[in-house]
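Residues per chain are reported as follows:
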Protein chains: 2
Amino acid sequence: MKKMIYAFTEGKGQGKELLGGKGANLAEMTSLNLPVPQGFTITTECCMNYLADEQFFENELKTEILKAVKTLEQETAKSFTASTNLLLVSVRSGAAFSMPGMMDTILNLGLNDERVQVFAKVTNLAFAYDCYRRLLQMYGDVVYGIPKDKFNQQLTAQEKKLSKTAIDFNQDEHIEVIKSYQDIYRNHHVSFPQDPIEQLFEATQAVFKSWLNPRADVYRKLNDIPDNLGTAVNIQAMVFGNSGDKSGTGVVFTRNPSTGEKQLFGEFLLNAQGEDVVAGIRTPLPIDALAEQLPEAYQAFVQYAEQLEQYYLDMQDIEFTIEQGRLFILQTRNGKRTAKAAVQIVLDLVSEGMISKEEALLRITPSLIEQLIHPVFETQALKETPILAEGLPASPGAATGTIVFTAEKAKGLANQGINVILVRQETSPEDIEGMIVSEAIVTSRGGMTSHAAVVARGMGTCCVAGCEALIVNEDLKEIQCGDITLTEGDILSVDGSSGRLYVGELPTVFEENNQSLQQLLTWADEVAHLKVRGNAETPQELAIALDFGATGIGLARTEHMFFGEERLLEMRRLILSQDDNEIETALSRLLQFQQADFYQMFKIIQDKPMVVRLLDPPMHEFLPHSPGEIKSLSQQLKRHPEEVAQHIAHLQETNPMLGHRGCRLGITQPLIYQMQVTALFNSVLQLSQEGIIIQPEIMIPLISEKAELLEIKTFLTATIDQIFETHQIDPIPYELGTMIELPRACLIADQLANEADFFSFGTNDLTQMTYGFSRDDIGKFITSYQEKHIMTSDPFQTLDQEGVGQLIKLAVKKARSIKPDLTIGVCGEVGGDPHSINFFHQIGIDYVSCSAYRIPAARLAVAQASLFNK
Amino acid sequence: MKKMIYAFTEGKGQGKELLGGKGANLAEMTSLNLPVPQGFTITTECCMNYLADEQFFENELKTEILKAVKTLEQETAKSFTASTNLLLVSVRSGAAFSMPGMMDTILNLGLNDERVQVFAKVTNLAFAYDCYRRLLQMYGDVVYGIPKDKFNQQLTAQEKKLSKTAIDFNQDEHIEVIKSYQDIYRNHHVSFPQDPIEQLFEATQAVFKSWLNPRADVYRKLNDIPDNLGTAVNIQAMVFGNSGDKSGTGVVFTRNPSTGEKQLFGEFLLNAQGEDVVAGIRTPLPIDALAEQLPEAYQAFVQYAEQLEQYYLDMQDIEFTIEQGRLFILQTRNGKRTAKAAVQIVLDLVSEGMISKEEALLRITPSLIEQLIHPVFETQALKETPILAEGLPASPGAATGTIVFTAEKAKGLANQGINVILVRQETSPEDIEGMIVSEAIVTSRGGMTSHAAVVARGMGTCCVAGCEALIVNEDLKEIQCGDITLTEGDILSVDGSSGRLYVGELPTVFEENNQSLQQLLTWADEVAHLKVRGNAETPQELAIALDFGATGIGLARTEHMFFGEERLLEMRRLILSQDDNEIETALSRLLQFQQADFYQMFKIIQDKPMVVRLLDPPMHEFLPHSPGEIKSLSQQLKRHPEEVAQHIAHLQETNPMLGHRGCRLGITQPLIYQMQVTALFNSVLQLSQEGIIIQPEIMIPLISEKAELLEIKTFLTATIDQIFETHQIDPIPYELGTMIELPRACLIADQLANEADFFSFGTNDLTQMTYGFSRDDIGKFITSYQEKHIMTSDPFQTLDQEGVGQLIKLAVKKARSIKPDLTIGVCGEVGGDPHSINFFHQIGIDYVSCSAYRIPAARLAVAQASLFNK
C-alpha cells in the first residue's frame, strides 16, 4: 500500500495530482522554511479508494489519520482531544485543479461543548462561541446536508428574543443557542459528535464524497477534467489572530495591484481574524503601520514576502496571521492585478533580472490589453447594480448615455453635447452617422459579426449586439425587457466587454494606454513571426490602425464608398437603371467620389501594404424599403413609385447572405468592379505624380469557382491595361488576390492558387457556411446552445479549429503545394482573437488582420504563438 | 515522313485520331466491302503540320494529293480534269470528335465553266447548273469568306428579271447567272479557279484553317477537346441519284425508330438527290416500294442493312444513292430513336443474341427513361411555336392549361374539370392543395430544389421553376414577359423537361410505361450494387415510389404533417404559445393527427426500410404574414392582432436557410421532436398489434456538432423508453441516424459516426453551404454564369464532384474509419441524377434516394455504375 498521508514537511515534490493544488502548495511553502501552521494532506488516491469501497476508510485509513494527528499534536505541542492546550484544525478539500462546487472548508474542527469553554478563556467568549456555532452550521451542512438557513434562523430568533446581538450574549445565552443548534441535528435524526476524532473522520469522508456531487460533476464535464482524479484533504492546525494585542491578521500584495509599483500593499487588523478584515466592521490599517505596532513580525514578513517573490518570480498575494507575536503565513498565490499593473510588473521583473523578456510576454493574457485601450465600469458599481439584460460582447468598453432609437436623434442630441446610446433591432449602413456620434450601440438582433458589431469595433465604440431579451419597438420608441419598459431619454449603461446592460449611470475608469504597453509590444514584435495588419476603411480608421502598430491593412472594405446620401442615390440609380445613359451617369459620379476616397487612403498608408476588397454586400442593401423612401427615390430618379417598388421587390432575396453578392455581382455587373478599379488606379497615378509610389493589392470576394476568378481577372486586367495605355505610362505592378470565405474555395484552393497573387481567409463567412448558420440569426438559438453546453464558445469570436480550422488548414496545404510563397492572411473577426492566433501560426498563415482596437492584443498574441511553438 | 493520305481502302484500323471520325467510318465501311463511293482521307497530322508551317502544303502535301487523285481516277475509271467521264468530288472536314463550327462540306468540286456543260448532258441542265452555282457559293464562302447571301441575291434578281425559276432557265440564262456569281468573286479581288486541281488544293487548305476558326475554338474549350488534334479532310467521288429513272436516293432505318419494331423503315425518291428528299417538293415513297421499282438494288440494300446491323450491333440509319441501277452506301450511323424504341431495340438485340444484357443496360441513357413516364410535346409543334420564356426544367413532363395565380382558383377551376397551370412568384406549403390539382406549376423565382420543384417532382407534376423573365403580379393576376402580358384565363403550355414555356396549346404525346421497361429494370436490379430508395412523405407518394421499384424510403419528410388548416393552427398555437396549457393543447392535437399519418405510412411500407426525418423547416414558414391572415389567426388564438404581429416579427429571420431550423429547433423546443417520436412509436405499437412489425429509422436534420446529436439522442431515447415502459412492452429495435448536410458535419463525420446508427447525405443543403448560395436565390445570377460558361451544370441537379463531392468522400472515409458497416445514403436531389450516381458508387455509398418519378432512371444508372466499375 502506498503512503496515504503526507505531513506538510514531507510533501514537497509529490505533485498536485497526488496532494491536490492546495496540499502541494502548503508543502512547498513549508519546504521554504516559511512559518506555515503545521498539518498533513490525505492523498487523492485515498479519495478514489474510498469512493470505490467505503470499507477502505475503516480498514486502512483510520489508523493512518490517527498517526498523523498524533504527530501533529507533538509538532504543535497541543492536544486535539484534551481540554487544555487546544489543537483545533481546519479541513479543506483540494483537487489537482481548482474546482468550484466541491465542499470547501470546515474551520475550528475539534471544538465541542466542553472544549469551547476552554477556548473562550484563551480567546474571548463571543468569539469562541461564534467559532463553535460556525462549526456546527458548516458541519451540519457538509456532513449531514442540513440547510444552513435553519441555523441562522435559530440565532436570529435568540437575538430577537434577548434584544441584543450575539456579541453581547453571556455564557448561558450562548449555550442556549448551541443547544438549539444541536436540536436541529436531532430533528434530522443525527447528532453532532462531541469526539474531535469522530468529527475529523466524518469531515474527511464528507470531503471525499463531495468529489461526486452534481455541481462538481458538471464542472468537470465542462472543463474536460477526468472523473478519476479525486480530491485530497488538507488538515491544518488553526492559528488565531484574535488571541490578544500581539495577535492579528492581514492580507498583503508584494507590489501595488493597481499600478504595479514595487511596494508592499495591503492591510491588517490587530486582535482579529481574517473574516474581520473582510467584514469591514473595523477599519484595517495599512501594512506599513505594522512596522510600528509589531516591528519583529513586520520585519519577518518583509523578508518572507521577498523570499516568496524570488521563489515564485511573480507578485504575491499573501495571507498571514500573527498569534501572540508569532507570524504565520497561511497562504500565498500570484496576486490578481489590473491590466496596467500586470504590464508594469512584468517590465519591472525583467529589469530586476528576475524573468526574461520572453517570460514577460508569456505572462500577459492578450485580452487584458483591451482594458488599457477601453474604459471599464468600476468593479464595485458592477457588483451593486442589477443586470438588466445580457447580449453578445460585440465591442469592448463601457459607456453610459441617453437612449435614442434613430440615427437622426443620436446626431441631434450629440450635437447638444449629450451622450447617447443608440438602441436598434439591428443597424444598417444608413445608420452610420448616428453610430459615429453614439457612446455605445445596442442591438436586439445579430451576432458578433453583425453590421453593428463590425462597425463598432472598427470605431472602437462600445457595443452589445444580439441582446434578444430586449424587444425594441422603434416606432413606439420603447424597449420592453421583461417587466421593465425603457423609453427615449432613459439612461442606460452598456458594458461591451461583458455584453451586459444596466439601467442608470455607472461610473467608469479608464486605464490609459501607456509607455509600458508600448515597450512590451516592441518586445512582442521582435519575437513574432505572424504579422498583424488592421481592418480599416476610412482615413480615420487607417490612421488609428497604423498608430496601434499595424504593419499594413489586411482588409479595406469599399462598401462605405457607396454609402452617404449622394453616393447612395447614384448606386440606386445604377441598380435600377433602365438605359445606358443612366448607368454612365451613375458610374461617372461614383468614380469621382471613390477616386478621392482612394487618394486619401493611399496617402495615409503610403508604402505599407493595403488589401482593397471590391464591393461585397448584396444589391438590396443599397435599396430603400419603406414606402416613404421609395417615393422620395422615385422623385429623384423621375420614375413612377409603383414601378420602382416593383423593381425593388424583384431584386429581393430570400437569403441575402447566400445570394447575389460579392464576385457574383462583379460578374453580372462588371461595370461596378471596373469603376472601382479605375478609381483606385487613377488615385495611384495621382499619387505617383506626387512621388508616392503605391503597389495596389486588389481582393475579389466570395469566389467559389476558378472560372469566376478568371472571368473577373480577365476584365479587370483589361481595364487596368487600358488605364496605363490612356495615360501612356509604364505598367505599375499590382496584385489580384482572392478572399477564401466559402467551403468550396478551401476545397479547390490549389486551383485558385494558380490564379491568385494572394489569399485572405474571410472567416466570418467561412464559419457561417461551414456551420450553416448566419451570424444574423444565431441569436435565436445560441443562448439555448450555451445553456445546454452544446457550444462553449462562439465560433464567430474564436476559430472553430475542428471544423472551420480543418478547412483552412486543408486550403493552406493545397495552395502552398502550388505556390509555396503565396501570401496568406486571415482577415475575419477571429484574426484578432488571441485563442485562434496560435492555430494560425501553426498552419503557416503569414498575417492576421483585425479591427484597429484589437491590434495591440493581437501583437502580443502573435508573439506568444512564436514562443509557444519555439 | 509518315503516310499523309489514306485511300478508303487502306484506312481500316488507323483510328479516328489520325483519320477523323468520318474518315475512319468511311474506311470501315469500305473494308466491309460495302459499295461506298471511293475516295481518300488526308490525315489530321497533315492539318497540324500545315497550321504550323504553310509551306508544308506546297513542299510536301501537294504531290501526295496529286498521287491520290490519280489513283482515284483509276479506281473510278473517271477523270477529274478531262471533259469526258467526269469525276466530281466532295470535300468534307472530319475531326476525331464531331465538332460543329468547322467548315463542313463542299460538293461537286471539279466543275468549271466547261465541265458543267458536259455534266448537264449526263444529268440535266437545271441540275448541273444548280450544282455549279452551289459550288461557287460554298467555295466562295469557305475559301474566300464571301457572304453566301450575295450569291442568292444574284439568283433571285435573275429569276425576277426573267419571271421564271431557275429550273426553267435555258443554258444562256444559266451562264449569265454563273457570270454574275464570278463577278462577285472579282468584287472581292479574287477569282474562282477553273482548274479542278487548284480547287482541290484551295479547298483542302480552307478545311485545315477552319480548325482555328473562333466558333470551333470556343466549342473545343467548352468540351475540353485539345487544340492540337487537327482535322482530317475527306475527298470522295460524287455519285448522282438524279441521273435517270434507274437512279435514286433514300434514307432508311433498319428498325422502326418510333416503336423499335424490326422492319426496314424509311423512304426514297427515284431520279433525285438527297436534298430533294429533305426539301419535300416531291413526295418520297416508303422503302418497300423500292422492291418493285428497282428489285435488284432493293435486295442489295436489304443485305447491306443486315450486314451493317450485324457489324455495328445496333439499329442503323443508312443513306444510299442509286446511280444508274448501281447502289452506293453513302453513310451509316446508329439511328436516333424514341425512348420507347430504344428500350425495345436493346431487348430485341439481346433476344436475337446480338448483345448481352449488360450491353443492353449500358446502351440506354438513364434520362431517356423520363420520356417513358411523362408526356412530352410533339416535336413538330415545338419547332413551330416560338418560346415565350425559359426557366429551370424542374420537373419533367408537358402540359397545357389555363393560367391561375392562386391555389384557391386552381381548385375552383379544376373542380369544373378545367386543366390549370398554377403560376406564382414562388410556392409555399400553403399552396399545396392548388399544386395537387394543377397540370403544371410555374414559378418566377427559386431553383431546382425550391419548394415548387421538390413538391412537383414528388407528385410527378410538370414544373418550370425560377423563370426570371416572368414578372408575376399576383395581385393584378398578370404576367409580364417582355412585351407580352398574360392574364388569368390565358392558355399556357409548359415543358418541364426543357424548362420552356409557350403561349397557347401544344399537342402532347405520351409513350406509356411498358413491359419492356420493366424487363430492362429487372436486369438492372440484378447487376446493381447501390440500392435505390424513394423520397416520399404521403401514403400516395409512398405507394408510387414502391410501384416504381424503390427498395425502401430514404427520406420521409414530416413537414406535411404540420400543414393543412387544422394542423397549421395547432402548430401556430404552439409557436406563439404563452403558457404550458396552450403548448399541451397544441401538442396533444398534433400528436393525434401525426399518429394517424405514421400509421398509414408504415402500413404501406411494411417491412421495407423507411427513414423518417424529424421536422426541418424554419419556424416562420408556419406563420402567417399578411395582415388578414394574422388577424384571423389572432381571433382563433383569442389574442390581440398587434401582439401576434409583434411576436411573429420577433421570430423573423434575415436568412431563414441559415437560421433556427432542423435540430436547432429540436434543441430549443424539444417538445416538438418528442411529440413526433411519440406519434411514430404509438403508430408502430398499433401496427404490431395487427402483426405488422416495423423497425423505425429516425433521422435528425442539420447536425453540425456532436453535442447537438447527443442532446437530441438523450431526450429522444428517454421519450422512447418511457413509451415502452408505459405500454409495458419489450423495447422495439430502432435506429437514430443523422443527415449530413452541412460542411462541418462532413468534417467531423468520424465523431458523428460514433453516435449515429446511419448517415444520409442531404446534398441540397450541403451544396448550398459549400458554394455559399441558396437554391432560392441562385436565379439572380445563374443565367449570367451559364452564358459566360462559369458554371456548365447546375450543382443542385448534378453533384459538384470537385467541391461538394470532395466533402462527401472525406466524410464517408472518416465515418467508415469508425464504423466500417455504417449504412450511408444520399437523399438530396442529386441522388436521382444519373451523372452523379457513378461517383456515389465509387465512394461506397449504400443507397441513393430520389423522388418517385426519378426511380426508374436511377435504377438503370446504378446498374450502369456497377458495370462501369466492374
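Every value quoted in this text rests on a predicted model; they were computed, and no experiment measured them.

Student: Lay out the overall build of chain A with the relevant residues and their values.
Tutor: Looking only at helices and strands, chain A features 34 helices and 31 strands. In terms of its C-alpha atoms, chain A occupies a principal-axis envelope of roughly 105 × 55 × 55 Å. Put simply, chain A has 870 residues, and 57% of those count as buried. Taking the contacts inside chain A whose residues are at least 6 apart along the sequence as the reference set, 68% of them involve residues at least 24 apart. When the accessible area of chain A is evaluated, it comes to approximately 35200 Å², of which 48% is carbon and sulfur surface. With 73 positive and 113 negative side-chain charges, chain A shows a spacing of 4 Å between the two charge centroids.

Student: I'd love a proper account of the sheet that holds strand E1 (residues 5–7) of chain A, names of residues and values included.
Tutor: Residue and element names in this part refer to chain A. Taken together, five strands build an open sheet; the order of strands is E1-E2-E5-E3-E4 and the sheet is antiparallel. At either margin of the open sheet sits one strand with a lone partner, and together these are E1 and strand E4 (105–109). Mean inter-strand twist for the sheet, computed between neighbouring axes without regard to direction, equals 20 degrees. Of the strands in this sheet, E1, strand E2 (39–42), strand E3 (89–95) and strand E5 (231–237) touch helix H3 (residues 55–76), which is tilted by about 165 degrees from E2. Contacts between helix H8 (residues 196–210) and the sheet are confined to E2, E3, E4 and E5, with E5 contributing the most and set at about 150 degrees to the helix.

Student: Could you give an account of the UniProt feature "binding site: substrate" (unreviewed entry) in chain A, naming the residues involved and the relevant values?
Tutor: Residues and elements named next belong to chain A. The sites that UniProt annotates as "binding site: substrate" (unreviewed entry) are Arg557, Arg613, Glu741, Gly762, Thr763, Asn764 and Asp765. Within the fold, Arg557 resides in the loop between strand E25 (553–556) and helix H21 (565–575). Apart from residues lying up to four places away in sequence, Arg557 is in contact with Val454, Ala536, Glu537 and Arg613. By the secondary structure assignment, Arg613 is in strand E26 (residues 610–613). Among the residues examined, Arg613 registers a relative accessible area of 5% and is labelled buried. Discounting chain neighbours no more than four positions away, the residues touching Arg613 are Leu555, Ala556, Arg557, Thr558, Glu559, Met699, Pro701 and Met739.

Student: Requested: an account of the packing of aromatic side chains, with residues and values cited.
Tutor: This model, assessed by the stated rule, comprises 54 aromatic pairs over all chains. With a centroid separation of 5.0 Å and an interplanar angle of 50 degrees, the aromatic rings of Phe301 of chain A and Phe320 of chain A are classed as tilted. Pair noted here: Phe301 of chain A is in helix H12 (residues 295–312) and Phe320 of chain A is in strand E9 (residues 316–323), with a separation of 19 residues, a long-range link. Like Phe320 of chain A, Phe301 of chain A is buried. Taking 5.0 Å as the distance between ring centres and 15 degrees as the angle between the ring planes, the aromatic pair formed by Phe563 of chain B and Phe622 of chain B counts as stacked. Residue Phe563 of chain B is located in the loop between strand E25 (553–556) and helix H21 (565–575), and its partner Phe622 of chain B is located in the loop between strand E26 (610–613) and helix H23 (627–637); the two are separated by 59 residues in the primary sequence. Each of the two residues, Phe563 of chain B as well as Phe622 of chain B, counts as buried. An aromatic cluster is present here, built from Tyr132, Tyr139, Tyr144, Phe151, Tyr181, Tyr185 and Phe192 of chain A joined pairwise through their rings. The ring of Tyr6 of chain A is capped by Lys3 of chain A, whose NZ or CZ atom sits 5.1 Å from the centre of that ring. One cation-aromatic arrangement involves Arg220 of chain A over Trp211 of chain A; the distance from NZ or CZ to the ring centre is 4.0 Å.

Student: If you had to explain the nonpolar core to someone new, which residues and values would you point to?
Tutor: Membership of the largest hydrophobic core comes to 328 residues, with the highest contact counts inside it found for Phe761 of chain A together with Phe761 of chain B. With sequence-adjacent residues up to four places away left out, Phe761 of chain A is seen in contact with Ile740, Cys746, Leu766, Ile808, Ala811, Val812, Ile824, Gly825, Val826, Cys827, Gly828 and Ile845 of chain A.

Student: Any details on the relation of the copies chain B and chain A? Residues and values, ideally.
Tutor: Expressed as a screw operation, the relation of chain B to chain A combines 0.2 Å of axial shift with a rotation of 180 degrees, fitting to an RMSD of 0.3 Å. Here the transformation between the copies is reduced to the relation of a two-fold axis. When you check the interface residues of chain B against chain A, 100% turn up at the interface there too, and the contact is symmetric in its surfaces.

Student: Please give an account of helix H13 (residues 339–351) of chain A that cites residues and values.
Tutor: Residue and element names in this part refer to chain A. Here H13 is 13 residues long and its end C-alpha atoms lie 19 Å apart, about the 18 Å a rise of 1.5 Å per residue gives. Counting buried positions along H13 yields 10 of 13 residues, so the element is predominantly enclosed. Every buried residue belonging to H13 is among Ala339, Ala341, Ala342, Val343, Ile345, Val346, Leu347, Asp348, Leu349 and Val350, and all of these are buried. Positive phi appears at Gly353, one or two residues downstream of H13, with a value of about 75 degrees.

Student: Break down empty space enclosed by the protein for me, with residues and values.
Tutor: Taken as a whole and assessed by the stated rule, the structure comprises four cavities of 30 Å³ or more. Considering only enclosed or pocket space, the largest cavity measures out at about 50 Å³ in volume. Lining the largest cavity are Lys780 of chain A together with Pro618, Met619, His620, Leu651, Glu653 and His660 of chain B. Of the residues that constitute the lining of the largest cavity, the class distribution is three nonpolar, two polar and two charged.

Student: Got a sec to walk through the pairing of strand E16 (residues 440–443) of chain B? Specific residues and values, please.
Tutor: Residues and elements named next belong to chain B. Burial along E16 is two-sided: Ala440 and Val442 and Ile441 and Thr443, pointing in opposite directions, are all buried. The sheet contact formed by strand E15 (residues 420–424) and E16 spans four bridges and is parallel. Looking at E16, one finds that Ile421 is bridged to Ala440. A crossover links E15 with its parallel partner E16, the connecting element being helix H17 (residues 432–437), and its sense is right-handed. Summarising the sheet, E16 and strand E17 (residues 462–465) pair through three bridges and their orientation is parallel. The residue of E17 that forms the bridge with Ala440 is Cys462.

Student: Give a detailed account of the UniProt feature "binding site: Mg(2+)" (unreviewed entry) in chain A, specifying residues and quantitative values.
Tutor: All names here are of chain A. According to UniProt, the "binding site: Mg(2+)" (unreviewed entry) feature falls on Glu741 and Asp765. The greatest C-alpha distance among the annotated residues, which extend across 25 residues, is 5.4 Å, indicating that they converge on a single site. The residue Glu741 is located in the loop between strand E28 (735–740) and helix H28 (743–747) in this model. The exposure class assigned to Glu741 is buried, which follows from its relative accessible area of 1%. Beyond its immediate sequence surroundings of up to four residues, Glu741 is in contact with Pro701, Leu702, Gly762, Asp765, Leu766 and Met769. With respect to the helices and strands, Asp765 occurs in helix H30 (residues 763–771). Leaving out residues up to four positions away in the same chain, Asp765 has contacts with Met657, Arg661 and Glu741. For Asp765, the side chain forms a polar contact with the side chain of Arg661, separated by 3.1 Å.

Student: I'd like a rundown of the sheet that holds strand E22 (residues 500–503) of chain B, residues and numbers included.
Tutor: Taken together, the eight strands give an open sheet; going across it, the order is E12-E22-E21-E14-E15-E16-E17-E13 (chain B), and neighbouring strands pair in mixed fashion. Here the strands that pair on one side only, and so sit at the sheet edges, are strand E12 (389–390) and strand E13 (392–395) of chain B.

Student: Describe the interface of chain B and chain A, listing the residues and the values that go with them.
Tutor: Each side of the interface is counted separately: chain B has 58 residues, and chain A has 58 residues. Of the roughly 5100 Å² buried at the junction of chain B and chain A (both faces included), carbon and sulfur atoms supply 51%. The interface formed by chain B and chain A includes four salt bridges. The salt bridge involving Glu802 of chain B is made with Arg744 of chain A; its shortest N-O contact spans 3.4 Å. Connecting chain B to chain A are 34 residue pairs in polar contact (both at pLDDT 80 or more).

Student: Before we move on, could you go through the environment of Thr204 of chain A and cite the residues and values that matter?
Tutor: Take Thr204 of chain A: it is sitting in helix H8. Residue contacts for Thr204 of chain A: discarding those within four places in its chain leaves Ile42, Phe57, Ile65, Val233 and Ile235 of chain A.

Student: So what's going on with unusual backbone geometry? Residues and values would help.
Tutor: Phi is positive for Lys477 of chain A, which is not a glycine, with a value near 55 degrees. Here Lys477 of chain A lies in the loop between strand E18 (471–473) and strand E19 (478–481). Exposure remark for Lys477 of chain A: the relative accessible area of 30% places this residue in the partly exposed category. The backbone of Leu313 of chain B sits at a positive phi, close to 55 degrees, despite the residue not being glycine. Along the chain, Leu313 of chain B turns up in the loop between helix H12 (295–312) and strand E9 (316–323).

Student: Lay out the pairing of strand E22 (residues 500–503) of chain A in plain terms, naming residues and giving numbers.
Tutor: Residue and element names in this part refer to chain A. As paired strands, strand E12 (residues 389–390) and E22 are joined by two bridges and run antiparallel to one another. Within the sheet, the bridge partner assigned to Glu390 lies in E22 and is Arg500. Pairing of strand E21 (residues 491–495) with E22, which is carried by four bridges, proceeds in the antiparallel orientation. Looking across to E22, one finds that Asp495 is bridged to Arg500. Hairpin geometry of E21 and E22 is characterised by an intervening segment of four residues between the two adjacent antiparallel strands and by a positive phi of about 80 degrees at Gly499.

Student: Pulling in residues and values, what's your account of H21 of chain B?
Tutor: Residues and elements named next belong to chain B. For H21, the buried fraction is high: nine of the 11 residues fall into the buried class. Every buried residue of H21 is accounted for by Arg567, Leu568, Leu569, Glu570, Met571, Arg572, Arg573, Leu574 and Ile575. Buried residues along H21 sit in contact with helix H22 (580–605), H23, helix H24 (641–651) and helix H26 (670–689).

Cut-off values and rules
Each chain carries its own residue numbering, running from 1 in the direction its sequence is written. Think of it this way: whatever chain is written first is A, whatever ligand is written first is 1, and the rest follow in order. Confidence filtering applies because this is a predicted model: local features only for residues at pLDDT of at least 70, side-chain atom pairs given and counted only at 80 or more, and all residues used for totals across whole chains, interfaces and linings. No hydrogens and no water enter the side-chain calculation; it runs on all heavy atoms of the structure. A run of H or I in DSSP counts as a helix once it spans at least four residues, and a run of E counts as a strand once it spans at least two, with each numbered from the N terminus. The rule is simple: take the accessible area with a 1.4 Å probe, protein chains only, and divide by the maximum for that residue type; under 20% is buried, over 50% is exposed, in between is partly exposed. We call two residues in contact whenever any of their non-hydrogen atoms come within 4.5 Å of each other. Under the convention used here, a 1.4 Å probe and the Shrake-Rupley method define accessible areas, while residue burial counts only the protein chains that appear. For the charge count, each Lys or Arg is scored as positive and each Asp or Glu as negative, with His and the chain ends excluded. The location of each charge is read from NZ of Lys, CZ of Arg, CG of Asp or CD of Glu. By definition, two strands form a pair when at least two bridges between them are found by DSSP. To get an axis, a line is fitted to the C-alpha atoms, and for a helix only the part in contact is used. The angle between two axes follows their N-to-C directions and goes from 0 to 180 degrees. UniProt positions are given in the numbering used here, feature names are shortened, and annotations may be inferred rather than shown by experiment. Aromatic rings from Phe, Tyr and Trp, taking only the six-membered ring of Trp, are treated as a pair when their centres fall within 6.5 Å; an angle between ring planes under 30 degrees marks them as stacked, one over 60 as edge-to-face, and anything in between as tilted. Two conditions define a charge located above a ring, namely a distance within 6 Å from the ring centre to NZ of Lys or CZ of Arg, and an angle within 35 degrees of the ring normal. For the purposes of this section, nonpolar cores are sets of buried Ala, Val, Leu, Ile, Met, Phe, Trp, Tyr and Cys residues that join through side-chain atoms within 4.5 Å. We superpose the copies by least squares over the C-alpha atoms of residues that have a pLDDT of at least 70 in both of them. Expected helix span is computed as 1.5 Å times (number of residues minus one). A pocket here means an open set of points on a 1 Å grid, computed over the protein atoms alone, that has protein on both sides within 12 Å along at least five of seven lines. A cavity is instead a set of points where a 1.4 Å probe fits but cannot get out; residues with an atom within 4 Å of a point line either one. Grid points are joined across faces, edges and corners, and a volume is the space filled by probe spheres set on the points. Gly is put with the polar residues, along with every residue not named as nonpolar or charged; the nonpolar set is Ala, Val, Leu, Ile, Met, Phe, Trp, Tyr, Cys and Pro, and the charged set is Asp, Glu, Lys and Arg. When the strands point away from the viewer, a crossover counts as right-handed if the path from the first strand over the helix to the second runs clockwise. Distance and chemistry together define a polar contact, namely a pair of N or O atoms within 3.5 Å, with one atom able to donate a hydrogen and the other to accept it when in protein, and with adjacent residues in sequence counting only for side-chain atoms on both sides. Put simply, buried area is how much 1.4 Å-probe accessible surface two parts lose in total, over both of them, once they are put together. One side-chain nitrogen of Lys or Arg within 4 Å of one carboxyl oxygen of Asp or Glu is enough to make a salt bridge.

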